[in-house]
Number of protein chains: 2
Amino acid sequence: MQIEFDCIPCIYRQILEASRMVTSDKEVIKKILHEFARMIPEIKPEESAPEVTTRIQNYLKSVTGEIDPYSSFKEANIKMALEHYPLVEEIIEDSEEPLLGALVMSAMGNSIDAGVSLEVDITGNVERAINDGFKYNDYQLFQEKLTSCSYLLIIADNAGEAVFDKLLIKELGKYGINISYAVREKPVLNDVTLEEAQKIGIDEYCKIISSGCDTPGIILSRASREFMSTYSEADIIISKGQGNLEGLLGKKKPIFYLLKVKCQLIANKLGSGLKVGDFVFMLR
Amino acid sequence: MQIEFDCIPCIYRQILEASRMVTSDKEVIKKILHEFARMIPEIKPEESAPEVTTRIQNYLKSVTGEIDPYSSFKEANIKMALEHYPLVEEIIEDSEEPLLGALVMSAMGNSIDAGVSLEVDITGNVERAINDGFKYNDYQLFQEKLTSCSYLLIIADNAGEAVFDKLLIKELGKYGINISYAVREKPVLNDVTLEEAQKIGIDEYCKIISSGCDTPGIILSRASREFMSTYSEADIIISKGQGNLEGLLGKKKPIFYLLKVKCQLIANKLGSGLKVGDFVFMLR
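Below is a summary of the structure that appears in this document.

Calculation criteria
- Residues numbered from 1 in each chain as written.
- Chains lettered and ligands numbered in written order.
- Predicted model: local features only at pLDDT ≥ 70, side-chain atom pairs only at ≥ 80, totals over all residues.
- Heavy atoms only, no water.
- Contact = heavy atoms within 4.5 Å.
- Buried area = accessible area lost by both parts, 1.4 Å probe.
- Salt bridge = Lys/Arg side-chain N within 4 Å of Asp/Glu carboxyl O.
- Polar contact = N/O pair within 3.5 Å; in protein donor to acceptor, adjacent residues only side chain to side chain.
- Helix = DSSP H or I, 4+ residues; strand = E, 2+ residues; numbered from the N terminus.
- Nonpolar A, V, L, I, M, F, W, Y, C, P; charged D, E, K, R; others polar.
- Pairing = 2+ DSSP bridges.
- Axes fitted to C-alpha atoms, helices over the stretch in contact; angles between N-to-C directions.
- Buried < 20%, exposed > 50% of the residue type's maximum accessible area, 1.4 Å probe, protein only.
- Arc of directions from axis to C-beta.
- Parallel < 35°, antiparallel > 145°, perpendicular 65-115°, else oblique.
- Left-handed = near helix turned anticlockwise from the far one by under 90°.
- Right-handed = clockwise from strand over helix to strand, strands pointing away.
- Least-squares fit on C-alpha atoms with pLDDT ≥ 70 in both.

A few points about the interface of chain B and chain A
Interface size, as often reported, equals the accessible area lost upon joining of the parts.
Then, number 1: Taken together, the contact pairs 16 residues of chain B with 16 residues of chain A.
Then, number 2: At the boundary of chain B with chain A, total buried surface from both sides reaches about 1600 Å², with 71% on carbon and sulfur atoms.
Then, number 3: Connecting chain B to chain A are two salt bridges.
Then, number 4: Its salt-bridge partner being Arg20(B), residue Asp6(A) comes within 2.7 Å of it at the nearest N-O pair.
Then, number 5: Run the count over chain B and chain A and you get four residue pairs in polar contact (both at pLDDT 80 or more).
Then, number 6: At the level of secondary structure, the elements contributing two or more residues to the side of chain B that touches chain A comprise α1 (7-22) and α2 (26-39) of chain B.
Then, number 7: Here the side of chain B that touches chain A takes six residues from α2(B), the largest share from any one element.
Then, number 8: Classifying every residue of the side of chain B that touches chain A by side-chain character gives 10 nonpolar, one polar and five charged.

So, in structure tokens, the structure goes:
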């Protein structure tokens, strides 16, 4: 997906928030914001929003020397998500269809997204996910594909979210399939890294691999050889969140997109009358 | 109030929306957005957000030749507000304290604000205003001042909002005071101009004057002589909306601010635990 005019305020807000996480020096913050303003007219039409985000986030890192501005934020998100883990586990176990429940709760976890808002309301999102479920749901197609699936790839998104992905992977494990969980190569926004995925204990249930990307969303042309081999061999791919969707939508390989819709552009792109706030499980 | 880093995405969104109201030519839109990006590093610390808004909105006007980009939008807002006029009039008449009711409904009208969002939900805001009333309310102080008031100035904000201001002015008229209603000198965003205030029929109940400003918020150093004379002579001043507040907060003259809080910066500035979405009537 190419960047749209509407993406700029969002990327500006992100870099302002990230700057404030790292420094209270207004002159440093101003320098970073002015660099972003300078970048705007140079954005190429073929660039995606995650690519532009990475350029300015990397500038922040180079100016401040802080390689992981969201470090404390991610830690707090993981802590908060872990506090909700027993409740969400129970919800899934009590579901009529535990796998569907685990998919809904994994989409619910996608609400913990600093790319969109620093405010996190897990309890509210759990309630909403229970009441509303998926607004668009390709679960039946997923079940069909699962019967002949031996290898499944999940492309991860945010750090707090990964806590609930663990429950999905645990549930998928019951189907006796090999699973890989692909995380970012380097810290970017609040996306989950290898170290954090290991801390959460995702490696108890599947293999964690690096996507090779430092963009907040997979970009295949930047991906590692290991990732590309997994991507091409997988029988089913689940892509989590908007950032990955921006990099993958329109690719030949069918992909299940599992996310909470968080901006109008993505809602328009997915169609089907979807709105901001909806939970989605869509094969494309 | 000086502009903050956080104001930039909002001004960008406004100029993008205004550009789309005037043209569908992406190259023209890009030109305007790039000009705004170019302006960002040149913003002076002492400038206010309404001043920066005016500079880029004037650039849009010069590039496209359209002096009133929000013209149709304002017309639609006024139409929608007029449809709610009988209902709101009835609500005020049925209030235990009609003047307080009229003040609440005038703050409710402040929700029709393109500076914040193009979405307008008058019915929802009427309901909210009835249920919540003012979250901060200096009505008692207002009543006290009203007993010795012979001249009252209202500094107007948005076009649709002016329909409900008419009901407030009608109610204030019962106290036998002179009232002036100050509007923008030239069209800016969806703010009310002389012509629109006349169409709404505000001049049935009071005198309409021009502020002399083309900024979406009064700036005293740019105001007309007529406005400044009214401003200095008025026994009571009611300032509507965030834009006027940004220009006036901290001035010597006590002013009643009547608005819906629409951004976190303004909420922080007003204090008292106010939040985005609250209706406020505050003497400062």
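A look at the sheet that holds strand β6 (residues 256-260) of chain B
Residues and elements named next belong to chain B.
Then, number 1: Reading across the sheet, the seven strands line up as β1-β7-β6-β5-β2-β3-β4 and stay open at both edges, with mixed pairing between neighbours. Sheet topology places β1 (134-137) and β4 (207-210) at the edges, where each strand pairs with a single neighbour. Sheet twist, expressed as the average angle between the axes of neighbouring strands with direction ignored, equals 15°.
Then, number 2: Bridge count for β6 against strand β7 (residues 279-283) is five bridges, and the pairing is antiparallel.

A few points about helix α6 (residues 122-132) of chain B
Residue and element names in this part refer to chain B.
Then, number 1: All of the buried residues along α6 are Ile-122, Asn-125, Val-126 and Ala-129. Within α6, the buried residues cover an arc of 105° as seen down the axis, which keeps them to one side.
Then, number 2: The inward-facing, buried residues of α6 contact α4 (71-93), α5 (98-109), α8 (159-173), β6 and β7.
Then, number 3: Between a side-chain oxygen at the N-terminus of α6 and the backbone nitrogen of Gly-124 the separation is 2.9 Å; the capping residue is Asp-121.
Then, number 4: Looking one or two places after α6, you find Gly-133, whose phi comes out positive at around 60°.

Quick notes on the packing of helix α2 (residues 26-39) of chain A against helix α3 (residues 49-64) of chain A
Residues and elements named next belong to chain A.
Then, number 1: Running from N to C, α2 and α3 cross one another at 150°; their axes reach a closest spacing of 10 Å. In terms of axis orientation, α2 runs roughly antiparallel to α3. Seen along the crossing, α2 lies across α3 with a hand that is right-handed. Contacts between α2 and α3 pair Val-28, Lys-31, Ile-32, Glu-35, Phe-36 and Met-39 from the former with Val-52, Arg-55, Ile-56, Tyr-59, Leu-60, Val-63 and Thr-64 from the latter.
Then, number 2: Split into classes, the residues belonging to the contact of α2 with α3 amount to nine nonpolar, one polar and three charged.

Overview of the pairing of strand β6 (residues 256-260) of chain A
Residues and elements named next belong to chain A.
Then, number 1: With respect to burial, β6 is a largely interior element, five of its five residues being buried.
Then, number 2: Neither face of β6 is left uncovered, since the one carrying Phe-256, Leu-258 and Lys-260 and the one carrying Tyr-257 and Leu-259 both have all their residues buried.
Then, number 3: Bridging between strand β5 (residues 236-240) and β6 involves three bridges; their strand directions are parallel. Among the inter-strand pairings, Ile-238 is bridged to a residue of β6, identified as Phe-256.
Then, number 4: Taking the sense of rotation as the criterion, the β-α-β connection linking β5, helix α11 (residues 241-248) and β6 turns out right-handed.

Some thoughts on the relation of the copies chain B and chain A
Then, number 1: Relative to chain A, chain B is turned by 180° and slid 0.0 Å along the rotation axis, the superposed coordinates differing by an RMSD of 0.0 Å. The transformation just described matches what one would write down for a two-fold rotation axis.
Then, number 2: Here 100% of the contact residues of chain B are again contact residues in chain A; the copies associate through an equivalent surface.

Concerning the pattern of salt bridges
Then, number 1: Counted according to the given criterion, the structure contains 44 salt bridges over all chains.
Then, number 2: Between Asp68(A) and Lys74(A) there is a salt bridge, and its shortest N-O distance comes to 3.1 Å.
Then, number 3: Asp68(A) gets classed as buried once you look at its relative accessible area, which sits at 15%.
Then, number 4: Given a relative accessible area of 1%, Lys74(A) falls into the buried group.
Then, number 5: Arg13(B) is paired through a salt bridge with Glu17(B); the nearest N and O atoms lie 3.1 Å apart. Remark: Glu17(B) and Arg13(B) occur in helix α1; sequence separation between them is four residues, near one turn of the helix.

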